[in-house]
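Tertiary structure, described
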Amino acid sequence: PVLLEVVTFSVESSSDCSYDRIQVDGHNYCGTVGPDGVVAMEEIIWRSDSSVVLGGWEICATAQTLPSPLPLSPPQPSPLPPPPPYTLPEATLVFALHTDRFPSETTVTLEGGTHLVSLGPFDLSLTTYDIPLQVPTVGDFVLTVYDSAGDGLCCDFGQGRYSLFYNNVRIKLGGKFTYSETTFFSLPLPPDVFPPPMSPPPPRYPPAERLHFVKVVILTDRYPAETSWQLRNSEDGGIVAHRDNELSVGETFHNVTLTLPSGNYVFSIFDTASDGLCCNYGDGYWEVWVYNVRIGTGAAFLRTDTLAFSLPVQQENRPKPPSQPDPSPAPGPAAPPPRSLLLSVTTDSFPVETTWQIVNNALDEAIVVSGGPFAKAATTYNTTISLADGEYKLSVFDSYGNGLCCSQGYGRWVLYFGSMELASGASFASQDNFAFVLPFSLPPVQPLALPPSLPPTTTEVILRVFTDGYPFETRWRLRSRSTSAIIVEGGPYNATSTHYNTSVYLADGNYEFTIFDSYGDGICCSHGEGSWRIFTAEGMTLRQGGDFEDSEIAFFTLPVGSSPPALPLPIPQMKPSAPPQPPPKLPEPSAPPPQPPSYDLLISIFTDAYPTDVSWALNDASSGELRESTESFLYFEEYTFVNTTVSLVSGTYSFTIVDAYSDGLCCEYGRGFYLLELQGRLVHTGAEFGSNETVTFSVPLAPLPPAAPPFPNLPHSQPGSSPPSPQTSIIRITILTDNFPSETSWQLSQYLWPADAIGSGTSEDAAESIIAQGGPYATKNTENVVEQPAEYGYWYRFQIYDSLGDGVCCSY
């Protein structure tokens, strides 16, 4: 044995001393704390990597003499044998990978001696893989994670990450790298990594009790130290497992697998800052799994969230042994089966404010089931509820006091029994209630009595969606603009490049159709030629689209000008004693009044870095009547196109756009802009406007001047006279470069027709002459303007090129 005296000690530091370390009798020392004053009984081991170089260490060793043995004493009983050494667990590794949006770029290798494990490429994006790896119990290993595109797992295309665990001890956590990241480690791990051995507690359950595998999954937000959880037995209150603010790495998965006997348990998760796991500071959540079945999950809560469950999840009906008497009472009438109801909640723009509960009025309003708060805005959450017969009350709460509709979105709740809607609500303050009794006593169905007047006119409308390559990203809704009630919803879908038709009968009125894409690339044309179309049963198209970003809104009005149904002929009364009388002659129905023509106005907004500042209104300039407006909740993604289409009749209109921060859409916080197009013609475009800007225009627009022939018919010049000079105009070309200006170039061409093509008005067989061109450019994010004189009477073509194929917006 030697006594160690540290003179200097400065090596690379880490929480588990995995980079540089000196090992004395199985204990690791790193950083600036060395083994000063330690008596070494075994060999001293030094390990180092090659990434960081510091001052190193200098240690003096002094030999120690063991004390001489004491003189013999009377015989003593033999000492107890020393306790067996603490044995390390079996070498089973778990590689946990959370993929980004491009999982096929990721591969993994694990090398150790002659042992090699290869994983990937992977198939599912934004998905967690837990992969067990069997490796030798002793040896040096190298783990390497590759990304073929050079952008790692985080953070350009998702919050991907990976972890390597050894018996629930994490060896490595990573994700932010370029093409590869390598980790060196050795097995067995030092003993001080593991908790000290403990004597097993006395068994609390019979040894023959069946055990169940329960897994707790936590994805932390950016402040993981605020999060803790515990799992306790609800029968005796004993804590089975817990983590007390020990989560140190943000936006990372933490998995704990437990083996529990049958019983009743309560899982509770806490956040000391009262902002839950989602969505202010990240997109964290929690899950509890029993075997491969998820029995509970949550994300958006305040200070605590709780899940009560029983093991096994589905109780088995085991017969009682014949030797034991059956203590159950004598059989009576069978209890009625529970009634199944469905509660559908569509959130507004602030889903964390919404919760609900159902109480049993006969049991002092004991809460039977509850839900919320929710995590995602403008999303429908469906919950199936089984209730026994009794008296109940459903309450839907909004903590901010503005309900689900309509100041901050168009949310609503609906309670269904089978296909029958029992109650619904949307516009309320802090609470909305509905009392009901099970079983339902439905009134007898009465025969339908036709009113003497005609029923309201209805039109069959078909909503057709043709999916792109990612159908699960697409959903849509149709609502009435007069009541804000959602009439029908669709998506997400399963099959790619597939037509999905939804037929609905609509009364006369105004309607709003909104389609969403969760990834923000629309349904055309990046990953397939998806589209949507709204048309009548007769084939008349009302609206259509597909090329958008996060969402697209279209408005339409019914009826569309079709003739009303013919009046039914009355059936005359028949008398036996008199001949039948002919029916009276009905007057010819008057022709329907002609419908005024309508014109589509496209309002396109490209947001800046603060999209929630933007709102706009469209008014009738003559009467001041508001025709359409949008709240800021529609614009919640920065640097994104949002298109809205409005149908207008002839008249004069004013469009006003407002920025709440008075910095417009450009250029201090991004280069946003807006444009108005009527029937495909540009009305106005703007970007720098401070707090607001108003544009007044007429519908329809003034007609364009007639196009001149390719070569005007010029009069024959007289001898000695000069020919008339051609009319010219100016073509202005503006190029705003992106971050890679050297990729951008353009050209402007003029078509020259041969003599036999004069007056044909087409470009077939025409010669093309380049009259102007520009690029590539040298300065990024710079506006370049070219003004080119051009003659009337010719066709022109403008072409712009990007050598990398990503255009000039919006990736870079």
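Residues numbered from 1 in each chain as written. Predicted model: local features only at pLDDT ≥ 70, side-chain atom pairs only at ≥ 80, totals over all residues. Heavy atoms only, no water.

1. A closer look at the overall build of the protein
The secondary structure content of the protein amounts to zero helices and 59 strands. Burial status across the protein gives 36% buried among its 812 residues. Pairs at least 24 residues apart make up 71% of the contacts formed inside the protein by residues separated by at least 6 positions. Summing over all exposed atoms, the protein offers an accessible surface of approximately 47600 Å²; the carbon and sulfur share of this is 55%. (Helix = DSSP H or I, 4+ residues; strand = E, 2+ residues; numbered from the N terminus. Buried < 20%, exposed > 50% of the residue type's maximum accessible area, 1.4 Å probe, protein only. Contact = heavy atoms within 4.5 Å. Areas by Shrake-Rupley, 256 points an atom, 1.4 Å probe, with all protein chains shown as cover.)

2. So, the side chain of Thr106
The topology assignment puts Thr106 in strand β8 (residues 106-112). With residues near it in sequence (within four places) discarded, Thr106 still touches Leu97, Gly120, Pro121, Phe122, Val145, Tyr146, Asp147 and Leu153.

3. Examining the sheet that holds strand β27 (residues 366-371)
Read across the open sheet, the four strands follow the order β27-β26-β29-β34; overall the sheet is antiparallel. Where the open sheet ends on each side, the last strands, each with one partner, are β27 and β34 (431-438). With strand direction ignored, the average angle separating the axes of adjacent strands in the sheet is 20°. Pairing between strand β26 (residues 354-360) and strand β29 (residues 390-398): seven bridges, direction antiparallel. Within β29, the position partnered with Ile358 by the bridge is Leu394. (Pairing = 2+ DSSP bridges. Axes fitted to C-alpha atoms, helices over the stretch in contact; angles between N-to-C directions.)

4. Re the state of the cysteines
Summed over the entire model, instances satisfying the criterion amount to three disulfides. Linked covalently through their sulfurs, Cys17 and Cys30 form a disulfide whose S-S length is 2.2 Å. Looking along the S-S bond of the Cys17-Cys30 disulfide, the torsion reads about -70°, which is the left-handed sense. With Cys17 in the loop between β1 (2-10) and β2 (21-24) and Cys30 in the loop between β3 (27-29) and β4 (39-40), the pair connects residues that are 13 residues apart, well separated along the chain. A sulfur-sulfur separation of 1.9 Å characterises the disulfide bridge that pairs Cys524 with Cys525. Because the torsion about its S-S bond is 75°, the bridge between Cys524 and Cys525 counts as right-handed. On the basis of relative accessibility, which here comes to 43%, the residue Cys525 falls in the partly exposed class. (Disulfide = S-S within 2.5 Å.)

5. Details of the nonpolar core
Membership of the largest hydrophobic core comes to 24 residues, with the highest contact counts inside it found for Leu93, Phe95, Leu110 and Phe185. For this core, the secondary structure elements donating two or more residues are β7 (92-98), β8, β9 (115-119), β10 (128-134), β11 (139-147), β14 (161-166) and β16 (180-187). Beyond its immediate chain neighbours, meaning those up to four positions away, Leu93 contacts Leu110, Ile131, Pro132, Leu133, Val135, Leu164, Phe165, Tyr166, Ile171 and Phe185. Listed in part, the 22 residues of the second largest apolar core include Val646, Leu648, Ile657 and Phe689. (Core = buried A, V, L, I, M, F, W, Y, C linked by side-chain atoms within 4.5 Å.)

6. Some thoughts on the environment of Ser370
By the secondary structure assignment, Ser370 is in strand β27. A C-alpha to C-alpha distance of 9.4 Å links Ser370 and Ser395, two positions 25 residues apart in sequence. With near-sequence residues (within four places) excluded, Ser370 lies in contact with Trp356 and Gln357.

7. Brief notes about the pattern of salt bridges
Pairs can form between side chains of opposite charge once their charged atoms are near each other. The final tally for this structure, using the stated rule, is six salt bridges. Across the salt bridge formed by Glu251 and Arg222, the nearest N and O atoms sit 3.6 Å from each other. With Glu251 in the loop between β19 (239-243) and β20 (253-261) and Arg222 in the loop between β17 (211-219) and β18 (227-233), this residue pair connects regions lying 29 residues apart in the sequence. Residue class for Glu251 comes out partly exposed when judged on its relative accessible area of 25%. The salt bridge involving Arg732 is made with Glu787; its shortest N-O contact spans 3.3 Å. Residue Arg732 is located in strand β55 (residues 728-736), and its partner Glu787 is located in strand β58 (residues 783-791); the two are separated by 55 residues in the primary sequence. (Salt bridge = Lys/Arg side-chain N within 4 Å of Asp/Glu carboxyl O.)

8. Observations concerning the pairing of β29
Here β29 pairs with β34 via eight bridges, running antiparallel. In the strand pairing of β34, Ser395 is matched with Asn433.

9. Structural notes on unusual backbone geometry
Note that the residue after Leu311, namely Pro312, is joined by a cis bond; omega there is 0°. At Ser274, a residue that is not glycine, the phi angle is positive and equals roughly 60°. One can find Ser274 in the loop between β21 (263-271) and β22 (285-290). Located in the positive-phi region is Ser497, a residue other than glycine, with phi close to 50°.

10. Some remarks on a nonpolar patch on the surface
Where nonpolar side chains cluster on the molecular surface, the patch consists of Leu3, Val39 and Met41 and spans about 250 Å² of accessible area. Counting through the fold element by element, Leu3 comes out in strand β1. Its relative accessible area of 30% is what places Leu3 among the partly exposed residues. (Patch = residues over 30% accessible without salt bridge, like charges linked within 9 Å, V, L, I, M, F, W, Y side chains within 5 Å.)

11. What about the side chain of Thr99?
The topology assignment puts Thr99 in the loop between β7 and β8. A distance of 2.8 Å separates the side chain of Thr99 from the backbone oxygen of Leu124, its partner in a polar contact. Aside from chain neighbours lying at most four places away, what touches Thr99 is Phe122, Leu124, Ser125, Leu126, Thr127, Tyr129 and Gly160. (Polar contact = N/O pair within 3.5 Å; in protein donor to acceptor, adjacent residues only side chain to side chain.)

12. Section: the packing of aromatic side chains
In this description, an aromatic ring pair is defined by two values, namely the gap between the centres and the angle between the planes. Taken as a whole and judged by the stated rule, the model has 23 aromatic pairs. Seen from their ring centres, Trp616 and Phe655 are 5.7 Å apart, and the 40° between their planes marks the pair as tilted. Taken together, the positions of Trp616 in strand β46 (residues 614-620) and Phe655 in strand β49 (residues 651-659) put the pair 39 residues apart, joining distant regions of the chain. Neither Trp616 nor Phe655 differs from the other in exposure class; each is buried. A centroid spacing of 5.9 Å and a plane angle of 35° characterise the contact between Trp746 and Phe798, whose relative ring orientation is tilted. Taken together, the residues Trp746 in strand β56 (residues 744-752) and Phe798 in strand β59 (residues 796-802) connect sequence positions 52 residues apart. Through a chain of ring-to-ring contacts, three or more aromatic side chains come together here, namely Trp616, Phe655, Tyr674 and Phe689. Above the plane of the ring of Phe516 lies Arg475, whose end atom (NZ or CZ) is 4.4 Å from the centre. Positioned above the aromatic ring of Phe535 is the side chain of Arg533, whose terminal nitrogen or guanidinium carbon lies 4.0 Å from the ring centre. (Phe/Tyr/Trp six-rings, centres within 6.5 Å; stacked < 30°, edge-to-face > 60°. Lys NZ or Arg CZ within 6 Å of the ring centre and 35° of its normal.)

13. Concerning the confidence of the model for the protein
With 76% of its residues at a pLDDT of 70 or more, the protein has an overall mean of 76. Looking over the protein, one finds the lowest element-wise mean pLDDT in strand β13 (residues 158-159), namely 74, and the highest in strand β54 (residues 692-699), namely 92. Segment residues 85-89: pLDDT under 50, and nine contacts once partners within four positions in sequence are set aside and those in other chains are kept. The model gives residues 707-725 a pLDDT under 50, and that stretch makes 11 contacts with residues more than four places away or in other chains. (pLDDT = per-residue confidence, 0-100.)

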